[in-house]
Every structure is written in C-alpha cells, then in structure tokens.
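Breakdown of the fold
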Amino acid sequence: MDEKIEQFKKMVEMSNNIVFFGGAGVSTESGIPDFRSKDGLYNQKYDYPPEEILSHTFFMRKTDDFYKFYKDKLNCLKYEPNITHKKLVELEQKGKLKAVVTQNIDGLHQKAGSKVVYELHGSVLRNYCMNCHKFYDAEYIFNSSGTPKCECGGIIKPDVVLYEEGLDDSTISGAISSIMSADMLIVAGTSLTVQPASGLIRYYQGSRLVLINRDSTPYDSYADLVINDSLGKVFSEI
Ligand SMILES: [Zn+2]
C-alpha cells in the first residue's frame, strides 16, 4: 500500500471526532460532472452562461428557462453513491465520524446513509412551494413538465443556493462548530478555490488535516498530509 495512504489509515484509526469536508470530486466518481472542470457544466453550450441561469434573478424572471436547464443538467436521480460515500457511512456508524460537510447538492451522502450532513449549497432533494412552503421531492420536480407547480398554484423552488443568494446560517454554524471540535479534518475532492466554503477549513484547530485531491490546492502547505490520488482508491483502503 502507498505510504501516504498507510499514514492516512493510521490517522483515521487514532481519531474519534472526524469531520469530512467534500467538494465536487466526491461526486465525479459516481459519474456526476464537475461544475468547474474543463468538460463540466460550465463549459457546455446553452443559451445563457450557467452562472446566469443558476442565479436568483434568472430564476425569478425566466423560471421556465431555468427549469429547462435545471432538469437537463442537474438531475441527480440516476446516480448512486460510490465507495467514498459508503466508507463515510461506516465511519459514522462506528462513531468515529461526526459530520460530513459538502459543497455538493446531489444528496448522495444521504442516499448512502449518512446522518449528519451539512449541505452548504443546499440539495436538489428538497423543494418548496414559494407560496405555501409545501415540500416536494426531487422525483416530483424532475418528472414534472415545464415549471413545477404546487397544488396551491405556487411555483416550486429547489432548496439549492443560487448565485446572488446567501448560504443558510444554521448550516454554516453547524459546519463551523463540527470543524472546530474535530480531531481530524479530511478535505477531499475540492480545489478549495470557492469562498466562503474554503474559508471554513480555517476553523480547524487540530493536527490531522488531510487534503485528498487529484491536483494541488492553495492549502497544501497548511495540511499535515496531502494525497494527490483518486478518492475512491484512498477510501477503499480504509
Ligand atoms: Zn403551495
């Protein structure tokens, strides 16, 4: 086994309050395209740039066009959790892992069985009527035609943080407090270039900060261990 993975495994063994902080790279191994990679969502051709379509203003003004794009590009229902999601569930069940903090909106951690998940950017699995706040699941949204409507006639909005919208306060504070009390922080599948999410890892106070990413990140020098390898390969060893 790779020496670095061996070291990672030992760190996991000696830790009892692990927090996992994950980005798009966690989901790409399930087949979900990375928003920001060179062949990801942001480089695909559409009438408007994805950053504009996925904005609050666009949602309010051109709801039909928003949903055309959203249903086409962000339908996560056909994807399944991968080995990393599953190993995190095992660690949580053993009482070693206390929380998952994720930038992903695909709900795969919950689908795998994780209980404590802070979704910084929301989730496509939760959708609410803007008028009466009734809940709708993702199947309802992705199987609807045109703009999904509530039985009251209101427009349904995904509980996903759009551009121009702020992150949810209780999600942020939950993520911060779990990171602050963690004895090990695993940061994986993220280039750590997106704020404010990347700033969260600064709250970690322990001595086992591990970065696992395909490429180097601006935080590599802060880390106690850096592994530039496939997440699935690393997690299948623990
Ligand atoms: Zn309603």
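Residues numbered from 1 in each chain as written. Predicted model: local features only at pLDDT ≥ 70, side-chain atom pairs only at ≥ 80, totals over all residues. Heavy atoms only, no water.

Here's the deal with the environment of I32
Which entries qualify depends on this criterion: Helix and strand definitions here come from DSSP, where helices need a minimum of 4 consecutive H or I residues and strands a minimum of 2 consecutive E residues; each element is numbered from the N-terminal end.
Relative to the assigned elements, I32 resides in the loop between helix 2 (24-28) and helix 3 (50-53). The spatial distance from the C-alpha of I32 to the C-alpha of C76 is 7.5 Å, given a sequence separation of 44 residues.

Things to note about the pairing of strand 4 (residues 122-129)
To keep it simple, the criterion reads: Pairing between two strands requires that DSSP report at least two bridges joining them.
Pairing analysis gives 5 bridges linking strand 4 to strand 6 (residues 156-160), with the strands arranged antiparallel. For C129, the partnering residue across the bridge sits in strand 6 and is I156. Counting the residues that bridge the hairpin from strand 4 to strand 5 (residues 135-136) gives 5 residues, and of these H133 lies at a positive phi of roughly 70°.

Considerations on the nonpolar core
This is how it is decided: Buried residues of nine kinds, namely Ala, Val, Leu, Ile, Met, Phe, Trp, Tyr and Cys, make up a nonpolar core once their side-chain atoms join them within 4.5 Å. Note on classification: 1.4 Å probe, protein chains only; a residue is buried when its accessible area is under 20% of the maximum for its type, exposed when over 50%, partly exposed between these limits.
Residues F66, Y67, Y70, V124, I141 and V160 are the most contacted members of the largest nonpolar core, which totals 24 residues. Of all the secondary-structure elements, those providing two or more residues to this core are helix 4 (56-61), helix 5 (63-73), strand 4, helix 8 (138-143) and strand 6. Top contributing element to this core by residue count: helix 5, with 4 residues. V12, I212, L231 and V234 belong to the second largest nonpolar core, which has 22 residues in total.

Quick word on the coordination of the zinc ion
Quick note on the threshold: Metal coordination here is assigned from N, O and S atoms located within 2.8 Å of the ion, or within 3.2 Å for Na, K and Ca; omission of water means that sites may look incomplete. Every geometry call rests on angle ranges, with four donors termed tetrahedral when all angles are between 85 and 135 degrees, four termed square planar and six termed octahedral when opposite donors are over 155 degrees apart and all others are between 65 and 115, and everything else termed irregular.
The zinc ion binds to the protein through C129 (SG), C132 (SG), C150 (SG) and C152 (SG); the donor distances cover 2.3 Å. What the 4 donor atoms of the zinc ion show is an angle range of 103 to 119° at the metal, which sorts the shape as tetrahedral. For the zinc ion, the donor residues sit on a single chain with the sequence spacing C-x2-C-x17-C-x1-C. Placement of the pair is C129 in strand 4 and C150 in the loop between helix 8 and strand 6, with a sequence separation of 21 residues. As far as the burial class goes, C129 and C150 line up, both buried.

Overview of the sheet that holds strand 2 (residues 97-102)
The strands making up a sheet are joined through hydrogen bonds of the backbone, oriented either antiparallel or parallel. Selection rule: An axis is simply a line fitted to the C-alpha atoms; with a helix, the fit covers only the stretch in contact. Between two such axes, the angle follows the N-to-C directions and lies from 0 to 180 degrees. Any pair of residues with heavy atoms lying within 4.5 Å of one another is described as a contacting pair.
Within the open sheet, the 6 strands sit side by side as 3-2-1-7-8-9. Their pairing is parallel. The two strands at the open ends of the sheet, each matched to only one other strand, are strand 3 (117-119) and strand 9 (225-227). Sheet twist, expressed as the mean angle between neighbouring strand axes with direction ignored, is 15°. As paired strands, strand 1 (residues 18-22) and strand 7 (residues 184-188) are joined by 5 bridges and run parallel to one another. Among the inter-strand pairings, F21 is bridged to a residue of strand 7, identified as V187. Docked against the sheet, helix 6 (residues 83-93) engages strand 1 and strand 2, running at close to 145° with respect to strand 2.

Quick word on the packing of aromatic side chains
Condition: Pairing of aromatic side chains requires ring centres within 6.5 Å, counting the rings of Phe and Tyr and the six-membered ring of Trp. Pairs whose planes differ by under 30 degrees are stacked, by over 60 edge-to-face, and all others tilted.
According to the stated counting rule, one finds 12 aromatic pairs in the structure shown. With 4.9 Å between their ring centres and 90° between their planes, F59 and F66 make a pair best called edge-to-face. Judged by centre distance (5.5 Å) and plane angle (35°), the ring pair of Y219 and Y222 falls under tilted. You can call Y222 exposed: its relative accessible area is 52%.

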